[in-house]
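Coordinates in review
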Amino acid sequence: MAAATPHLRAGTNSVQADPISLGIDIGGTKIEGVAMDGNEHLLACHRIPTREGSQAVHDDTVMLIRHLLDQLGPNQGPVTVGLGIPGRVDANRGMVDDAVNLGIHHMALGPAVAKTTGLPVRVENDVNIAALGAASQTGDTLMTPGATPHSQAARDQARRPATEPGRDGPRALPDHDDHTVAFINLGTGLAAGIISGDRIEHGASGAIGEIGHIPVDAHQFPCKCGQRGCLETVASGSAAQALWPGIAHPLPDLIAQAGQGNQQAQDVLDIIGHGIALAVQIVALTIDPAVIILGGGMSKTGQPLLDLVTEHLNRSAACSHFIASLSLPDRLRLAPADLPIAAIGAALAGRMAADSRPSDFIGKETAS
Ligand SMILES: [Zn+2]
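Residues numbered from 1 in each chain as written. Predicted model: local features only at pLDDT ≥ 70, side-chain atom pairs only at ≥ 80, totals over all residues. Heavy atoms only, no water.

1. Structural notes on the overall build of the chain
- Tallying secondary structure elements over the chain gives 12 helices and 13 strands in all.
- By the burial criterion, 55% of the 368 residues in the chain qualify as buried.
- Of all intrachain contacts in the chain linking residues separated by at least 6 positions in sequence, the fraction that spans at least 24 positions is 65%.
- When the accessible surface of the chain is split by element, carbon and sulfur atoms take 51% of a total near 15600 Å². (Helix = DSSP H or I, 4+ residues; strand = E, 2+ residues; numbered from the N terminus. Buried < 20%, exposed > 50% of the residue type's maximum accessible area, 1.4 Å probe, protein only. Contact = heavy atoms within 4.5 Å. Areas by Shrake-Rupley, 256 points an atom, 1.4 Å probe, with all protein chains shown as cover.)

2. Observations concerning the coordination of the zinc ion
- Taken together, the protein ligands of the zinc ion are His213 (ND1), Cys223 (SG), Cys225 (SG) and Cys230 (SG), with distances of 2.1 to 2.3 Å.
- Geometry at the zinc ion is tetrahedral, judged from the four donor atoms that bind it and their angles of 104 to 123° at the metal. (Donors = N, O, S within 2.8 Å, 3.2 Å for Na, K, Ca; no water. Tetrahedral: all angles 85-135°; square planar, octahedral: opposite > 155°, others 65-115°.)

3. Description of the nonpolar core
- Residues Ile272, Leu294 and Val309 are the most contacted members of the largest nonpolar core, which totals 43 residues.
- Secondary structure elements with two or more residues in this core: strand E9 (180-186), strand E10 (190-196), helix H5 (237-243), helix H6 (250-259), helix H7 (263-287), strand E12 (291-295), helix H8 (303-318) and strand E13 (332-334).
- Per-element accounting of this core gives the leading share, 13 residues, to H7.
- For isoleucine 272, the residues in contact, after removing those within four places along its chain, are Val234, Ala240, Leu243, Leu251, Leu254 and Met298.
- Of all hydrophobic cores here, the second largest spans 32 residues; its members include Leu22, Ile48, Ile85 and Met107. (Core = buried A, V, L, I, M, F, W, Y, C linked by side-chain atoms within 4.5 Å.)

4. Details of the sheet that holds E13
- Taking strand neighbours across the sheet as the criterion, the five strands line up as E11-E10-E9-E12-E13 in an open arrangement whose pairing is mixed. The open sheet terminates on both sides in strands that have one partner only, identified here as strand E11 (199-200) and E13.
- Strand direction decides the pairing type here: E12 and E13, joined by three bridges, are parallel. Counted as the bridge partner of leucine 294 is leucine 334 from E13.
- Where H7 meets the sheet, it contacts E9, E10, E12 and E13, and its direction lies at approximately 155° from that of E9.
- Along the sheet, H8 contacts E9, E12 and E13; its crossing angle with E13, the most-contacted strand, is approximately 160°. (Pairing = 2+ DSSP bridges. Axes fitted to C-alpha atoms, helices over the stretch in contact; angles between N-to-C directions.)

5. A short note on the confidence of the model for the chain
- Taken as a whole, the chain shows an average pLDDT of 84; of its residues, 81% reach a score of 70 or greater.
- Long-range and interchain partners of residues 1-15, a stretch whose pLDDT sits below 50, account for 32 contacts in this model, where long-range means more than four residues apart.
- Within the model, pLDDT remains below 50 along residues 140-177, and this stretch shows 76 contacts once partners closer than five positions in the same chain are excluded. (pLDDT = per-residue confidence, 0-100.)

Have a look at this one:
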C-alpha cells in the first residue's frame, strides 16, 4: 500500500489558471490549511497553532491563506476559500456563535476574512466539513462492487487518498447522488454530519446531526447541556475520559485492559461500545445512510473501534430481525486517519458554494 500522505505537487507551471480551492480547518489546538487544484490534487498543506479570540482567529486564518497562496506561486486561477469552525454556524451568512474553545461568542468570520483577502469565503461547521472530506475520500469504497467493509482490501481502499498518483480521474465526490453518507464525529463531543449526494445537510436551524444531546441513556449521567443521559455522556472522547480518568487515550487502554481480563475496564468499555452503537443505530434509523463513517479523535483507535461497535450492533441484531435486516456493520467505515479530511472538506465546501450556490456565497461584493 502506498504511503497515504497528501500528494504535493511542487512548482507552478502545471497549475496555471487552474482554479484553486483553499480549505482551512480551525480547531481548538491547530489551524490546518490545504490548497487543492480543480482535480482535487492536494497542492499544499500547512498548519499553525490556534490562538484564542475573534481577532486572532481572523488574523491567523488570513495569514494561513496567504501562506498557502505564496506556496503556490504566481499564475493561479480563481481562488475559493472554505472555512470550518466549531460552534453554531450560519453557513449562508458566514456567522459563528459560541465557538467556546476558540474564545468566540459571536463573529462575522466569513465576511471578515472575505473583506481582508478579497476572496469568496464559505463557512461551515467543523463536523460538516469533516463529513464532506471523509465522504469524498471513502467514496470509492462505496462504488466498489463486492467490497465488504471488513475486508483488508476495502479498508486499504477506504484509507487510500483519491489523490494517489496513478489513479484514474481523482475527484472530489463519487457519483453517489442516490446515497446519503453520515459521519459520526467521536471527538470531545458527539455529533453527526450528513452528506446527501455531494451536499452538506443543514436542517432548518443548523442543528441537524446533533445526536449527542438526545437524552436516551439509562445511566443518566449529567450533560454539560443541562440534561441527563445524553448520548454524548456515553459515546465521546470526553465520556471515555470521565469514565476512565487519568489516561490520555482511554479507549485503546480500555480495550487492552479488558482484553487482559480487567472487569472494571470491560464494564466501562461496554458502556462506551453500547453508546457508540446506539449513535450508529439512531443515525441509521433516522436518515438511513448507505455509509456511516466513524471519525474524530476516537476513530484513531482504528480497527479495534470498528470491532467494538460491530460487536454491540450484532448484540442488537441477535434479538431483532428488523435490526439484523439493516446490515449496519456493513455500512461502517473508519475515516481516513492520515489525511486532513476536515481541511479537504472545507476546500470542497468553498468550491461547491462558489459553483452552485452563488446567492448564498459570501464574496467580495457582499463583504465591503
Ligand atoms: Zn447534552
